[in-house]
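Descriptive structure summary
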Amino acid sequence: MNTQDLPGLLKELTLEEKASLLSGKGYFITKEVGRLGIPSLFLSDGPHGLRKQIGAADQMGLNPSMPATCYPTAATVANSWDTALGEELGRYLGVEARAQGVSILLGPGLNIKRNPLCGRNFEYFSEDPYLSGKLAAAYIRGIQSKGIAACPKHFAANSQELRRMHNDSLVDERALRELYLTGFEIAVSEGKPLFLMTSYNRLNGTYTNENRHLLREILAEEWGYNGMVVTDWGGSNDRVQGLVMGNHLEMPATNGDSDREIVRAVEEGRISESLLDQRVGEYLRVLALLAPTVEPTENFDADAHHAFARKAAAASIVLLKNEDGILPLKAGTKTAVLGCFAETPRYQGAGSSVVNPTRVDVPLDHLKKSGLEITGYAGAFKRNGGDDKALLAAAVELAKQADVVLLYLGLDELLESEGMDREHLRLRENQAAALEAVSAANPRVVVVLSGGAAVETPWLGRCKALIHGYLGGQAGAGAMVDALTGAVNPSGKLAETWPLVYEDVPSYNYYPGKERTSEYRESLFVGYRYYDTVHIPVRFPFGYGLSYTTFAYADLSADEKSVTFTLTNTGGRAGAEIAQVYVSAKDSRLFRPRRELKAFTKVYLEAGESKTVTLPLDEKAFRYFNAVTGRFETETGVYRIEAGASAQDIRLETEIRVSGSTAAPPYSPETLPSYYAATINNVSDKEFETLLGRPLPQAKWDRSKPLERNDTFSQLFYARGWIGRLVYKVVASGKDRIGKDGRPDLNMLFIFNMPFRGIAKMMGGAVDMVMVDAMLEIFNGRALKGIGHLAAAWVRKGKAARKTAQKLALAKGTKPH
């Protein structure tokens, strides 16, 4: 492929070939033009490990994939706060991608953890955009250093799994720019990804893949992004409009249906061929960079990659409680091991990110080799809930015979997954009951927790220690044993706040959006930005984590460009401290969070060692987005600079004066009283409309209207036609059976929440949009008319496919089949 003469190459391509390059050939493969040396590329899921499927591919990862290293998830690595580690992890991912002939790695995911119930939070870094963006940029640099394209996702404001392809995220412009886009902005500017994936949802009324404000005005024009934009799988709504707004690749394949839409649009003059040439040219420039990765290379060193996975997991473990210094455990300690997670670990999430690991370490196996005296193992409880008195009795009896109990608890596979949001923040009731019974028999209990997100911990008083590995990947078990025995000093800190109860969460009254819309009425006040501002007690604050040593902060100085202080390890062993810098505006005329993270670092210190730490403050440190002027500005005034061990453990502070804009603020306390007081739990329609700057759209489905393309299978219960209602009963019954075998049926969840247009986008071209419209006629009570249109569409589709095949074959100089 000669991209040196791009205009010449574009002239050689036929109109049909140009259109074909901008959509998939299969589920994870792009189209090639062999006569011109334009290769196809392979895309693969893997935010935390490759998922290159063997044989038939599917959206949700149910079909088997090639063995690959399962690294800790993004939610886990975020607790390391270590960008160097993230970049190294990216390099390891890049090596495996090259080994498997994968050109584009679909990750990392960096949506903001707006609410702890989001089923996909295990795939995302943090509730904070600065931390998310810095880690994502590190992953991207690492992946792309190996000649592989990274593809950060999901752009943007995709905060719930429920009806994610139908939902409209209503976000005020300031919250959108400061909270939900800043992480992507950092990832784009510092990571320079070659690909970027749009999200399924609408954003303020328009699907993200065809959203002018998002893709043209912000991504392309303001940020200067010159990489490729790809849809999420099945996430294309209007193919032509997406192309106009900057999309380059629709996935997966629609058997040429989308290509024909583009060709018709050019032939009918709705778009110019020069615009198509622009998108194809942009695609070919990036494709030329990736061409060397098309063919698989030599195998990767599975042992070395497993060892790194263990290193990454160890750096991300968070010690949350350590009463009486019960940890680390000394060699020879008589230890009872309880809980089924010790025998069958939970080490990754569920859905499109599922990795087929090269191997999986088992906690019980590593504990037996740890130097501890293991007195026995008991399952203690049933993994997916329910009582088992015999299991519990055996665990209690074993606990009585030990000096220390290691009780492995966690969120099971049915409680957090792509495609479904969690229903609550609690562990299974039988796990809490097991802890209560075991701690009554032996109060020296260490809870070892696994799971991808925050949980409520009303049981915290029943254990001496709580240590959390999140979802540590295939080597997480060994890393956790290292932390329990002191071979590793825990150094992770939470990248998200853990509330006392779910009702304290700022979006509690607004999450999830049940029908047409998801209203982000809490605006900027997400996570610690809310709790710290209104002084709501939390279980564990953002940035919190303990160590087996202690650290002191001293000698703070700051200006507009940097912050400097001294860190000292005041304990008796080496360790690492994650130092955090927060900024807040004093006497601001805007509503603002009390503090916001603007810098951080992880510092390794020997016992007694001190280091001077200087952290830069970039242009984002003092800015806010002015929704009236449409740009970021800095408010003139005094700013408090804080350095500390967490958002609620501030050790040092000082003040500086910063010059900026003196213009009138875009808001007033009189019109936005809830936001100025940060009492955002019950914002009225009128006040939210004032903040949005427009009337609220209808939140509920209009059940009096016929169903349309962007309505979902979950709405068929009010279909006008009996066939539609029957289909609903079939699909709903399938959904209700989910989990009966201990696993979530993710494909069924996907179908239940999918818009009808998804049939045309996810079935490999077996159905097109005209056929979808005919189905809707049937569902809406016009069965005979719909059946007739469906039959006619089937005939027409066959003719169109043959005609396209003939044109492409003639361009190739071959005979059409």
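Here we summarise the structure given alongside this text. Computed from a predicted structure; not experimentally measured.

Moving on, we come to a nonpolar patch on the surface. On the surface, Trp722, Leu726 and Val730 cluster together into a nonpolar patch covering about 350 Å² of accessible area. Positionally, Leu726 belongs in helix H20 (residues 722-736).

With that settled, consider the nonpolar core. Phe155, Phe195, Trp233 and Leu284 are the most contacted members of the largest nonpolar core, which has 165 residues in total. No other element matches the eight residues that helix H11 (residues 273-290) contributes to this core. One finds Leu406, Ile467, Ala479 and Leu494 within the second-largest nonpolar core, a separate group that totals 64 residues.

Another aspect to go through is the packing of helix H12 (residues 302-316) against helix H16 (residues 476-485). Between H12 and H16, the shortest axis-to-axis distance is 8 Å and the interhelical angle comes to 50 degrees. In terms of their interaxial angle, H12 and H16 are classed as oblique. At the point where H12 passes H16, the crossing takes the right-handed sense. Together, Arg310, Ala313 and Ala314 of H12 and Gly476, Gly478, Ala479 and Asp482 of H16 make up the contact between the two elements. Each residue belonging to the contact of H12 with H16 can be placed in one class, and the counts come to three nonpolar, two polar and two charged.

Of all seven residues in strand E12 (residues 404-410), seven are buried; the element is thus mostly enclosed. The alternating pattern of E12 places Val404, Leu406, Tyr408 and Gly410 and Val405, Leu407 and Leu409 on opposite faces, both of which are buried. In the sheet, strand E10 (residues 334-338) pairs with E12 via four bridges, with the strands oriented parallel. Bridge pairing in E12 places Leu338 opposite Leu407.

Spatial strand order, E1-E2-E3: three strands in an open sheet with parallel pairing. What marks the edges here is a single partner per strand, and that holds for strand E1 (43-45) and strand E3 (149-150). Bridging between strand E2 (residues 104-106) and E3 involves two bridges; their strand directions are parallel. Looking at E3, one finds that Leu105 is bridged to Ala150.

At a closest axis distance of 6 Å, the pairing of helix H4 (residues 83-99) and helix H5 (residues 129-144) adopts a crossing angle of 35 degrees. In the crossing of H4 with H5, the sense of the turn from one axis to the other is right-handed. Between H4 and H5, the contacting residues are Thr83, Gly86, Glu87, Leu89, Gly90, Arg91, Leu93 and Gly94 on the first element and Lys134, Leu135, Ala138, Tyr139, Arg141, Gly142 and Ile143 on the second. Tallied by class, the residues present in the contact of H4 with H5 amount to six nonpolar, five polar and four charged.

With that settled, consider the sheet that holds strand E25 (residues 637-646). Strand order in the open sheet made by the four strands is E21-E20-E25-E26, with antiparallel pairing throughout. Pairing within the sheet leaves two strands with one partner each, and these edge strands are strand E21 (596-605) and strand E26 (649-658). Pairs of neighbouring strands in the sheet enclose a mean axial angle of 20 degrees, with direction left out of account. In the sheet, E25 pairs with E26 via nine bridges, with the strands oriented antiparallel. Residue pairing across strands places Ile641 opposite Thr654, the latter belonging to E26.

So, how was this worked out
- Residues numbered from 1 in each chain as written.
- Predicted model: local features only at pLDDT ≥ 70, side-chain atom pairs only at ≥ 80, totals over all residues.
- Heavy atoms only, no water.
- Patch = residues over 30% accessible without salt bridge, like charges linked within 9 Å, V, L, I, M, F, W, Y side chains within 5 Å.
- Areas by Shrake-Rupley, 256 points an atom, 1.4 Å probe, with all protein chains shown as cover.
- Salt bridge = Lys/Arg side-chain N within 4 Å of Asp/Glu carboxyl O.
- Helix = DSSP H or I, 4+ residues; strand = E, 2+ residues; numbered from the N terminus.
- Core = buried A, V, L, I, M, F, W, Y, C linked by side-chain atoms within 4.5 Å.
- Buried < 20%, exposed > 50% of the residue type's maximum accessible area, 1.4 Å probe, protein only.
- Axes fitted to C-alpha atoms, helices over the stretch in contact; angles between N-to-C directions.
- Parallel < 35°, antiparallel > 145°, perpendicular 65-115°, else oblique.
- Left-handed = near helix turned anticlockwise from the far one by under 90°.
- Contact = heavy atoms within 4.5 Å.
- Nonpolar A, V, L, I, M, F, W, Y, C, P; charged D, E, K, R; others polar.
- Pairing = 2+ DSSP bridges.

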